[in-house]
Amino acid sequence: MSPPPAVESQVQALTDLYNSIQNARHHPRDLLKTSIAPNPLPLTHPSLLLYSQQLKDIAHTLRSDAVQSALRAAKESEKADGQNIMNNVRRENRKRRRPPSPESPQPYTVIERQSSSLFPVTKDDVAPLKSLELIEYIRQFNKKNSSYKLGIWQGTRSSTRDLKNPAILRFTIKDVLTAYLTVSYTSNDLVLLVESVTTFGPRERKLPHSQSDYSVYRMLSQEFGRMIHSDPQVGLQKFMTLLCSYENMFTMRCDKCQRVLCVEGHVAAVERVWNESDGQWQPRHVSC
Ligand SMILES: [Zn+2]
């Protein structure tokens, strides 16, 4: 007989938590590999910030109602009958990889999973831009905005006018930043997907695949990486709304602490959080 669904969802909540902790345990080793020994990484280093975010997420999950009630239920169950308890996480993971057999009625109560995308879904959403529409999009974009400039970056003097795949776009906000976006598409649907973004100071002369000399722009590149990771299918137009929200990057206040620079590290608010009620990206410090 299959156990009641509530138990299944509790087991799943705890298995998910266990897996994210296991996942996080790999990170310090990765960080050690990338750091230049014997110099310790500064606390504001992007990979450390990402790791700290991951730990914050775990703490958040740990405190959630789903996990807390599962832990309480497990404790009570152990008190009632503590015999033959083994660590079954591996079995749970194997079980989850197997598709449910058709005859078993609804084997799992699916825990409500919110979409991990940090981008908004609005009623004004348009179909994601396709490669053939890029040139016209750039033309319209530059016509509408005088403080921003978008273009296709050509590394070498190219004889062909065809769009490369992947292509690199160069986006600038005067006196604020230069961003290089690597975009690519597949021959199936031709939709342009943003693969990565690197940002630099407005007067830095650097190649798209290099790194800024300034920590704030390195953090910003990391932040864009986090946003792309949350929704790899996000359309270019929606991604551009995020980029444009950095126009007043060095003067806007964090929506949490209301400061321009954060207390620790004196860094501008490089994180963006979508605010549903006023339909805008709000600045936030990574540490807030
Ligand atoms: Zn703040």
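Not measured: the values here are computed from a predicted model.

Conventions used here
- Residues numbered from 1 in each chain as written.
- Predicted model: local features only at pLDDT ≥ 70, side-chain atom pairs only at ≥ 80, totals over all residues.
- Heavy atoms only, no water.
- Donors = N, O, S within 2.8 Å, 3.2 Å for Na, K, Ca; no water.
- Buried < 20%, exposed > 50% of the residue type's maximum accessible area, 1.4 Å probe, protein only.
- Helix = DSSP H or I, 4+ residues; strand = E, 2+ residues; numbered from the N terminus.
- Core = buried A, V, L, I, M, F, W, Y, C linked by side-chain atoms within 4.5 Å.
- Contact = heavy atoms within 4.5 Å.
- Pairing = 2+ DSSP bridges.
- Axes fitted to C-alpha atoms, helices over the stretch in contact; angles between N-to-C directions.
- Polar contact = N/O pair within 3.5 Å; in protein donor to acceptor, adjacent residues only side chain to side chain.

Engineer: Any chance you could explain the coordination of the zinc ion here in plain terms?
Structural biologist: In ideal tetrahedral geometry, four donors around a metal make angles of 109.5 degrees, whereas ideal octahedral geometry with six donors gives angles of 90 or 180 degrees. Every protein donor of the zinc ion is listed here as C254 (SG), C257 (SG), H285 (ND1) and C288 (SG), and their distances to the metal cover 2.1 to 2.3 Å. Here the donor residues of the zinc ion share one chain and are spaced in sequence as C-x2-C-x27-H-x2-C. A relative accessible area of 0% places C254 in the buried class.

Engineer: Would you take a moment to explain unusual backbone geometry for this structure?
Structural biologist: Most of the time, phi is negative for any residue but glycine, and the peptide bond is trans. Going from N165 to P166, the amide bond is cis rather than trans, its omega being 0°. Note that P166 resides in the loop between β1 (148–153) and β2 (167–173). Positive phi, close to 65°, is recorded for D175, a residue that is not glycine. Tracing the sequence through the fold places D175 in the loop between β2 and β3 (177–184). Within the chain, H266 stands out as a residue other than glycine whose phi angle is a positive 50°. Within the secondary structure, H266 sits in the loop between α8 (236–244) and β5 (271–275). Look at H266 and you get exposed, because its relative accessible area is 54%.

Engineer: Teacher, can you tell me more about the nonpolar core here?
Structural biologist: When a protein is soluble and globular, its nonpolar side chains tend to lie buried together. Grouped together as the largest cluster of nonpolar side chains are 41 residues, with contacts concentrated most on F171, L177, L181, L236, F239 and M240. The element contributing the most residues to this core is helix α7 (residues 215–230), with seven residues. For L181, the residues in contact, after removing those within four places along its chain, are A167, I168, L169, F171, V194, S196, V197, L236, F239, M240 and L243.

Engineer: Explanation requested: the pairing of β2 in the structure shown.
Structural biologist: Looking down a regular strand, the side chains alternate between one sheet face and the other. The element β2 is extensively covered by neighbouring structure, given that five of its seven residues are classed as buried. Relative to β3, β2 runs antiparallel, the two sharing seven bridges. Within β3, the residue paired with A167 across the bridge is V183. Taken together, β2 and the strand that follows it, β3, pair antiparallel across an intervening segment of three residues, in which D175 is found at a positive phi of about 65°.

Engineer: What should I look at first to understand the sheet that holds β3 in this one?
Structural biologist: Backbone-to-backbone hydrogen bonds join strands into a sheet, with any given pair of strands oriented parallel or antiparallel. Ordered in space as β1-β2-β3-β4, the four strands form an open sheet in which the pairing is antiparallel. In the strand order of this sheet, the two ends are held by β1 and β4 (193–200), each with one partner. Strand-to-strand, the axes of this sheet are offset by a mean angle of 20°, without reference to chain direction. On the sheet, helix α6 (residues 134–144) packs against β1 and β2 and is oriented at approximately 155° with respect to β1.

Engineer: Explanation requested: the side chain of S230 in the structure shown.
Structural biologist: With respect to the helices, strands and loops of the structure, S230 is situated in helix α7. A distance of 2.9 Å separates the side chain of S230 from the backbone nitrogen of L118, its partner in a polar contact. Excluding its chain neighbours within four sequence positions, the residues that come into contact with S230 are S116, S117, L118 and F119.

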